[in-house]
Number of protein chains: 2
Amino acid sequence: MKTNETATQLLDAAQSLIQERGYNAFSYKDLAATVGIRTASIHYHFPSKSDLGVALMERYVQDLTGALAAIDQKTRSSKSKLKSFIKLYTETERRGAICLCGSLASDRETLPPSLQKAIAQYLQQSERWIAEKIQEGVKHGELGFRGKPADAAATLLSSLQGGLILSRARGGGSLLTTVQRVFFETLEAA
Amino acid sequence: MKTNETATQLLDAAQSLIQERGYNAFSYKDLAATVGIRTASIHYHFPSKSDLGVALMERYVQDLTGALAAIDQKTRSSKSKLKSFIKLYTETERRGAICLCGSLASDRETLPPSLQKAIAQYLQQSERWIAEKIQEGVKHGELGFRGKPADAAATLLSSLQGGLILSRARGGGSLLTTVQRVFFETLEAA
DNA sequence: AATAGCCTACCTAGTAGTAGGTACGCAATC
DNA sequence: GATTGCGTACCTACTACTAGGTAGGCTATT
């Protein structure tokens, strides 16, 4: 098998496992079983577990950048852009998973600094993008929010990340639909 | 040393470790080092790690029940009750920790069912209490919120739990102050 | 004398990671 | 066009260590 293929499979498997169980609750053994190679061979692609984690977050940040660009391109109104963003989270919720970054952030204190940085970067990028869209929406009279866009952005991201965790703890249901509704009630209160 | 004393010390140490690092990232060895006994002796108090986890969540639920009762007793207005509730979280934030229950909820899929139930109970109890206060506030004309109190309650709890995680990922600052501000802006938009 | 609380000494299973080797493909050289 | 040399992608077998957990003994209190 080609390097990239196996490496990609390993990243995919690791991502699923982290989103389902957490960074400290998966092993190279789990990965090996999923991909169909031996644990030792994983070290060829990712010398250490934290190397794998860093690679995973790098890919995740890239995916985010791509997803945000796609939203910006194909959607016009700020409100529908924000809805598309939230949809990224409701899809994760439907899978019964939590955000890779949220999962890693929970385990933050046990992770190497390089991973901690990647986590912060992902969240910061998300937050900034949300704040931009809110600001635009307010500017164009689409949204009637009088507070600071950055405040609403931080709150939305918090409630999405937390919402995923609580949703799973509830054992199902669409908590994020509720979060979205409340969020737009806040923004549209004119 | 008396049983209760050691057991309490073990619970305290375990709680700190879980709030800092997560359930799967602490061991009886860590506990033993903190409390000053051998790992084997911990099994005398808590035969298995999940027994410890369950005992911990039971205590945490009791603490919550007590805290909510105390708030209900000493505070009059719904708004200040909600503020007192949020203060429980800002104190956790200041310690650089996350909620015990939120931490366990992140690791949910790796935990025994008894613990999963305890987590759900804690969150449900919190959510119900918040919803009650919002409903009261609206009824007494204190809060001008037109949506469902249960929706706002679920959203607030999500943003508090998520906020604790994001705040730590940021490496400081008072994100929850922002969350609180946005929350009351939502509630008071009349 | 019984019991509570902790100990030493051990177990099994699993962890990340390493050492050394094999099979194979792809170039450059003869 | 066969040979040499090197890189890739994987393997088996192992190391050193940690995990939670158990058996049985010692000691101080009751």
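Computed from a predicted model, the values in this text were never measured in an experiment.

Asks: How would you sum up the overall build of chain A? Please name residues and give values.
Replies: Secondary structure summary: chain A contains nine helices and zero strands in total. Each helix and strand of chain A, placed in order from N terminus to C terminus, yields the pattern α-α-α-α-α-α-α-α-α. Along the three orthogonal principal directions, the C-alpha set of chain A runs to about 60 × 35 × 30 Å. For chain A, buried positions account for 53% of its 190 residues. Considering only contacts in chain A between residues 6 or more positions apart, those separated by 24 or more positions represent 68%. For chain A, the accessible surface area stands at approximately 8600 Å², while carbon and sulfur atoms represent 49% of it.

Asks: Can you break down the packing of aromatic side chains residue by residue, with the values?
Replies: One pass over the structure, following the stated rule, counts 10 aromatic pairs over all chains. On the numbers, 5.5 Å between centres and 45 degrees between planes, the contact of B:Phe85 with B:Tyr89 is tilted. Placement of the pair is B:Phe85 and B:Tyr89 together in helix α5 (residues 78–94), with a separation of four residues, close to one helical turn. Taken individually, B:Phe85 and B:Tyr89 each receive the classification buried, so the pair is uniform in this respect. Here the aromatic cluster, defined as three or more aromatic residues joined through ring pairs, consists of A:Phe85, A:Tyr89 and A:Trp129. It is A:Lys49 that lies over the ring of A:Tyr23; its NZ or CZ is 4.7 Å from the centre. If you follow A:Lys83 out to its NZ or CZ, it ends over the ring of A:Phe184, 5.7 Å from the centre.

Asks: Give me the lowdown on the relation of the copies chain A and chain B, citing residues and values where you can.
Replies: Its rotation angle being 180 degrees, the transformation that places chain A on chain B also includes 0.0 Å of axial translation and leaves an RMSD of 0.1 Å. Overall, the copies show the geometry of a two-fold rotation axis. Of all interface residues in chain A, 98% are interface residues in chain B too; the two copies therefore contact each other through one and the same surface.

Asks: Break down the interface of chain A and chain B for me, citing the residues and quoting the values.
Replies: Taken together, the contacts link 41 residues of chain A with 40 residues of chain B. Around 3300 Å² of area is buried between chain A and chain B when both sides are counted, 61% of it from carbon and sulfur atoms. Counting across the interface, chain A meets chain B through six salt bridges. B:Asp151 is the partner of A:Arg181 in a salt bridge, and the nearest nitrogen-oxygen pair spans 2.6 Å. Put simply, chain A and chain B have 10 residue pairs in polar contact (both at pLDDT 80 or more) between them. When residues in the side of chain A that touches chain B are grouped by element, the largest group, 15 residues, is from helix α8 (residues 149–170) of chain A. Broken down by class, the residue content of the side of chain A that touches chain B amounts to 17 nonpolar, 13 polar and 11 charged.

Asks: Which residues make up helix α9 (residues 175–188) of chain A, and what values do they have?
Replies: Given a rise of 1.5 Å per residue, 14 residues ought to cover 20 Å, and the 20 Å separating the end C-alpha atoms of α9(A) matches this to within 8%. Across the 14 residues that make up α9(A), a large majority, 10, are buried. At its buried positions, α9(A) is contacted by α5 (78–94), α7 (113–139) and α8 of chain A together with α8 (149–170) and α9 (175–188) of chain B.

Asks: Tell me what's going on with empty space enclosed by the protein, and back it up with residues and numbers.
Replies: The tally for this structure, following the rule as stated, stands at two cavities of 30 Å³ or more. Each pocket or cavity is described by its volume, and for the largest cavity that value is around 150 Å³. Together, 16 residues line the largest cavity, and A:Thr155, A:Thr186, B:Thr155, B:Val182 and B:Thr186 are the ones closest to its centre. Of all the elements in the fold, those that place two or more residues in the lining of the largest cavity are α8 and α9 of chain A together with α8 and α9 of chain B. Top element by residues in the lining of the largest cavity is α9(A). It accounts for five residues. A per-class count over the lining of the largest cavity returns 10 nonpolar, six polar and no charged.

Asks: Go over the packing of α8(A) against α8(B) with me, naming the residues and quoting the values.
Replies: Angle between the axes and distance between the axes: these two values describe a pair of packed helices. Here α8(A) crosses α8(B) at 110 degrees, and the two axes come no closer than 6 Å. By the angle between their axes, α8(A) is roughly perpendicular relative to α8(B). Note on packing geometry: the crossing formed by α8(A) with α8(B) is right-handed. Along the contact surface, α8(A) presents A:Ala154, A:Thr155, A:Leu157, A:Ser158, A:Ser159, A:Gln161, A:Gly162, A:Gly163, A:Ile165, A:Leu166 and A:Arg170, while α8(B) presents B:Ala154, B:Thr155, B:Leu157, B:Ser158, B:Ser159, B:Gln161, B:Gly162, B:Gly163, B:Ile165, B:Leu166 and B:Arg170. Taken together, the residues of the contact of α8(A) with α8(B) sort by class into eight nonpolar, 12 polar and two charged.

Asks: Tell me what's going on with the nonpolar core, and back it up with residues and numbers.
Replies: Core analysis: the largest hydrophobic core is formed by 124 residues, its most contacted members being A:Leu31, A:Met57, A:Tyr122, B:Leu31, B:Met57 and B:Tyr122. If near-sequence neighbours (up to four positions away) are discounted, A:Met57 is found in contact with A:Leu100, A:Cys101, A:Leu104, A:Leu115, A:Ala118, A:Ile119 and A:Tyr122.

Asks: Give me the lowdown on the environment of A:Leu156, citing residues and values where you can.
Replies: Residue and element names in this part refer to chain A. Note on placement: Leu-156 falls in helix α8. Accessibility expressed as a relative area gives 1% for Leu-156, which makes it buried. In sequence terms Leu-156 and Glu-127 are 29 residues apart; their C-alpha atoms lie 8.6 Å from each other. Ignoring anything within four residues of it in the chain, the contact list for Leu-156 reads Ile-86, Ile-130 and Phe-183.

Asks: Got a sec to walk through the pattern of salt bridges? Specific residues and values, please.
Replies: Evaluation of the coordinates by the stated rule reveals 19 salt bridges over all chains. Among the ionic pairs, B:Arg170 bridges to A:Glu127, the shortest N-O distance being 2.3 Å. Of the two residues, B:Arg170 is situated in helix α8 and A:Glu127 in helix α7; the pairing between them involves two chains. Since its relative accessible area comes to 44%, B:Arg170 is described here as partly exposed. Exposure remark for A:Glu127: the relative accessible area of 14% places this residue in the buried category.

Reading the values: the criteria
- Residues numbered from 1 in each chain as written.
- Chains lettered and ligands numbered in written order.
- Predicted model: local features only at pLDDT ≥ 70, side-chain atom pairs only at ≥ 80, totals over all residues.
- Heavy atoms only, no water.
- Helix = DSSP H or I, 4+ residues; strand = E, 2+ residues; numbered from the N terminus.
- Buried < 20%, exposed > 50% of the residue type's maximum accessible area, 1.4 Å probe, protein only.
- Contact = heavy atoms within 4.5 Å.
- Areas by Shrake-Rupley, 256 points an atom, 1.4 Å probe, with all protein chains shown as cover.
- Phe/Tyr/Trp six-rings, centres within 6.5 Å; stacked < 30°, edge-to-face > 60°.
- Lys NZ or Arg CZ within 6 Å of the ring centre and 35° of its normal.
- Least-squares fit on C-alpha atoms with pLDDT ≥ 70 in both.
- Buried area = accessible area lost by both parts, 1.4 Å probe.
- Salt bridge = Lys/Arg side-chain N within 4 Å of Asp/Glu carboxyl O.
- Polar contact = N/O pair within 3.5 Å; in protein donor to acceptor, adjacent residues only side chain to side chain.
- Nonpolar A, V, L, I, M, F, W, Y, C, P; charged D, E, K, R; others polar.
- Expected span 1.5 Å × (residues − 1).
- 1 Å grid on protein atoms, 1.4 Å probe; cavity = no way out; pocket = protein on both sides within 12 Å on 5 of 7 lines; lining within 4 Å.
- Points joined across faces, edges and corners; volume = space filled by probe spheres on them.
- Axes fitted to C-alpha atoms, helices over the stretch in contact; angles between N-to-C directions.
- Parallel < 35°, antiparallel > 145°, perpendicular 65-115°, else oblique.
- Left-handed = near helix turned anticlockwise from the far one by under 90°.
- Core = buried A, V, L, I, M, F, W, Y, C linked by side-chain atoms within 4.5 Å.

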